[in-house]
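# Structure assessment
Below, each chain spelled out in residue letters.
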Amino acid sequence: MIRRLTGWIAGAAVLAGSVFGVHAEGVRTQSAIVEPVADVRAFAPGIPFRVGVRIRLDPGWHTYWINPGEAGMATSVKWALPDGFTAGPLQWPFPRRFVSDGIVGFGYEGEVILFSEIMPPRDWPGGQPAGLKAGVDLLLCKDICVPGSAALTWSLRAATEAESDPEGRIALDRAAAEVPRKAGEGSVSASFRDGKIVLRVEQAAGFGVSPPPVFFPEARNLLAVDKDPEWFEREGALEGQFTLSHLARGTPLRLKGVLVPGDGSPGAVQVDVRLAR
């Protein structure tokens with residue numbers, strides 16, 4: 001995965017003056033195309049809408065999640081919005097696990113959309129377009145790793161009523177379906193037992209032991225990601241035992257991450273629980 005890292009002076013590309021809903025061209029940065037996507041062609045003041053960055057990767061290449069794994073760099077998307085506009089948290093579809101040269105990584109292959117909900121101000125002047133910007137930094141890996149970046153700039157028009165972009169909405173709905181949902185109350189718990197972190201998943205969470213689920217910790221260097229956890233069915237629930245990484249700085253107060261069905265299908269849940277001792 002990381003045999004060598006070629007120049008950090010990887011071309012920053014600029015997309016200027018594009019309008020959502022007019023099929024804006026993407027920006028080629030190294031082995032990926034980065035392009036904007038939105039669920040509206042025109043926004044209405046005071047009504048939220050979604051915007052995202054779609055990353056199309058060349059065959060065989062991958063990029064990274066919040067926790068990139070043993071190596072790599074988390075993808076970064078930074079919005080620059082007009083005064084009065086606010087952006088919600090960046091939404092991440094659940095990642096995949098891949099191994100290259102014996103190094104475990106967490107991230108994406110093929111295509112991924114990272115997106116946020118944008119709230120425009122209620123007093124935005126009718127008919128006045130809004131200039132939006134997104135700065136994207138990512139690491140792209142295959143046999144080598146190269147950094148890429150894209151500076152996206154475009155204009156989105158305002159209207160009395162929002163005008164949907166069907167193609168963009170479908171793409172964002174598909175991405176949203178892979179964003180982990182909150183786990184049900186009491187359906188997931190964690191403890192520290194016999195030197196290992198034990199994640200307990202109740203039947204109500206909908207996970208089975210065959211194939212076992214995959215847990216992606218949010219914190220880097222917390223778990224030994226090169227060692228497969230042991231999963232057991234116990235008292236009507238599923239328990240996974242995880243070894244701490246040799247780089248871990250003690251045991252955390254909480255366990256945060258994403259639990260994904262073993263077959264990679266949608267249905268991932270967010271894990272954010274206190275670590276009982």
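Within each chain, residue numbers correspond to sequence positions counted from 1 in written order. Where local features are concerned, this predicted model is filtered to residues with pLDDT of at least 70; where side-chain atom pairs are given and counted, the filter is 80 or more; whole-chain, interface and lining totals use all residues. By convention in this description, side-chain values take in all heavy atoms of the structure and omit both hydrogens and water.

## Some words on the nonpolar core
As used here, the term nonpolar core means buried Ala, Val, Leu, Ile, Met, Phe, Trp, Tyr and Cys residues forming a set that is joined through side-chain atoms within 4.5 Å. Categorising residues by exposure relies on relative accessible area from a 1.4 Å probe, with only protein chains included: less than 20% of the type maximum marks a residue as buried, more than 50% marks it as exposed, and the intermediate range marks it as partly exposed. Within the largest apolar cluster, 42 residues are counted, with the highest numbers of intra-cluster contacts made by Phe 43, Phe 49, Val 53 and Leu 152. Only heavy atoms matter for contacts: two residues are in contact if any of them lie within 4.5 Å across the pair. Sequence-distant contacts of Val 53, defined by excluding residues within four places in its chain, comprise Val 34, Glu 35, Val 37, Val 77, Trp 79, Val 112, Ile 113, Leu 114, Ala 134, Val 136 and Leu 152. Leu 238, Leu 255, Val 269 and Val 273 belong to the second-largest nonpolar core, a separate cluster that totals 19 residues.

## Some thoughts on the state of the cysteines
Two cysteine sulfur atoms make up a disulfide if the distance between them is within 2.5 Å. Counted according to the given criterion, the structure contains 1 disulfide. The side chain of Cys 141 participates in a disulfide bridge whose partner is Cys 145; the two sulfur atoms lie 2.0 Å from each other. Note on the Cys 141 and Cys 145 pair: the S-S dihedral is about 115 degrees, so by sign convention the disulfide is right-handed. Judged by relative accessible area, Cys 145 falls into the buried class, the value being 0%.

## Points about helix α1 (residues 166–177)
Because the α-helix completes a turn every 3.6 residues, residues three or four places apart line up on one side. Only DSSP runs of H or I with at least four residues qualify as helices, and only runs of E with at least two residues qualify as strands; both kinds are numbered from the N terminus onward. What a helix is expected to span follows from its residue count: subtract one and scale by 1.5 Å. Over its 12 residues, α1 runs 16 Å from end to end, which matches the ideal 16 Å to within 8%, given 1.5 Å per residue. For α1, the set of buried residues is Gly 168, Ala 171, Leu 172 and Ala 175. Buried residues along α1 cover an arc of 95 degrees about the axis, so they all sit on one side. Structural note: α1 exposes Ile 170 and Arg 174 on the side pointing more than 90 degrees away from its buried face. Of the surrounding elements, those touching the buried residues of α1 are β3 (32–38), β5 (49–57) and β11 (111–119). For this analysis, a polar contact is any N or O atom pair within 3.5 Å, provided that within protein one partner can donate a hydrogen and the other can accept it, and provided that sequence-adjacent residues contribute only side-chain to side-chain pairs. The N-capping residue of α1, defined by a side-chain oxygen 3.2 Å from the backbone nitrogen of Glu 167, is Asp 165. Starting at the helix axis, one direction is taken to each C-beta atom, and the arc is that of these directions.

## Looking at the pairing of strand β9 (residues 96–100)
Pairing of β9 with strand β10 (residues 103–109) involves 5 bridges; the strand directions are antiparallel. Bridge pairing in β10 links Val 99 to Val 104. Count of turn residues in the β9/β10 antiparallel hairpin: 2 residues, of which Asp 101 carries a positive phi of about 55 degrees. Between any two strands, pairing holds if DSSP finds at least two bridges.

## Considerations on unusual backbone geometry
Backbone geometry places Asp 101, a non-glycine residue, at a positive phi of 55 degrees. Looking at where Asp 101 falls in the secondary structure, it is placed in the loop between β9 and β10. Residues other than glycine seldom take positive phi values, yet Asp 194 does so here, at roughly 55 degrees. With respect to the helices, strands and loops of the structure, Asp 194 is situated in the loop between β16 (188–193) and β17 (196–202).

## Points about the pattern of salt bridges
In the sections that follow, a salt bridge refers to a side-chain nitrogen of Lys or Arg positioned within 4 Å of a carboxyl oxygen of Asp or Glu. With the rule as written, the count across this model stands at 17 salt bridges. Arg 96 serves as the salt-bridge partner of Glu 178, at 3.5 Å between the closest nitrogen and oxygen. Of this pair, Glu 178 sits in the loop between α1 and β15 (181–182) while Arg 96 sits in strand β9, placing them 82 residues apart in sequence. For Glu 178, a relative accessible area of 22% corresponds to the partly exposed category. Arg 96 sits in the partly exposed class, given a relative accessible area of 34%. With a shortest N-O distance of 3.6 Å, Glu 230 and Lys 196 are connected by a salt bridge.

## Concerning the confidence of the model for the chain
Every residue gets a pLDDT, meaning the predictor's confidence in that residue, from 0 to 100. Of all residues in the chain, 91% have pLDDT values of 70 or greater, and the mean over the chain is 88. Every residue in residues 1–23 is under pLDDT 50, and counting partners more than four places away or in other chains gives 75 contacts.

## Details of the environment of Gln 270
When you line up the elements, Gln 270 lands in strand β22 (residues 269–276). For the pair Gln 270 and Val 260, spaced 10 residues apart in sequence, the C-alpha separation works out to 9.0 Å. Setting aside chain neighbours within four positions, we find Gln 270 in contact with Pro 180, Arg 181, Lys 182, Ala 183 and Gly 257.

## Quick notes on the packing of aromatic side chains
Only the six-membered ring of Trp is used, alongside the rings of Phe and Tyr, when aromatic pairs are assigned; centres must lie within 6.5 Å, and planes under 30 degrees apart are stacked while those over 60 apart are edge-to-face, with the rest tilted. Under the definition given, this model contains 8 aromatic pairs. A ring pair is formed by Phe 43 and Phe 85, whose centres lie 5.6 Å apart and whose planes are at 75 degrees; its orientation type is edge-to-face. Of this pair, Phe 43 sits in strand β4 (residues 40–43) while Phe 85 sits in the loop between β7 (76–80) and β8 (86–87), and the two are 42 residues apart along the sequence. For the pair shown, Phe 43 and Phe 85 are each scored as buried. Through successive ring pairs, a cluster of aromatic residues spans Phe 43, Phe 49, Phe 85 and Trp 124.

## With respect to the sheet that holds β5
Read from one edge of the open sheet, 5 strands run β2-β3-β5-β11-β8, paired in antiparallel fashion. Each edge of the open sheet carries a strand with a single partner, namely β2 (27–29) and β8. With 8 bridges connecting them, β5 and β11 associate as antiparallel partners. Bridge pairing in β11 places Ile 55 opposite Val 112.

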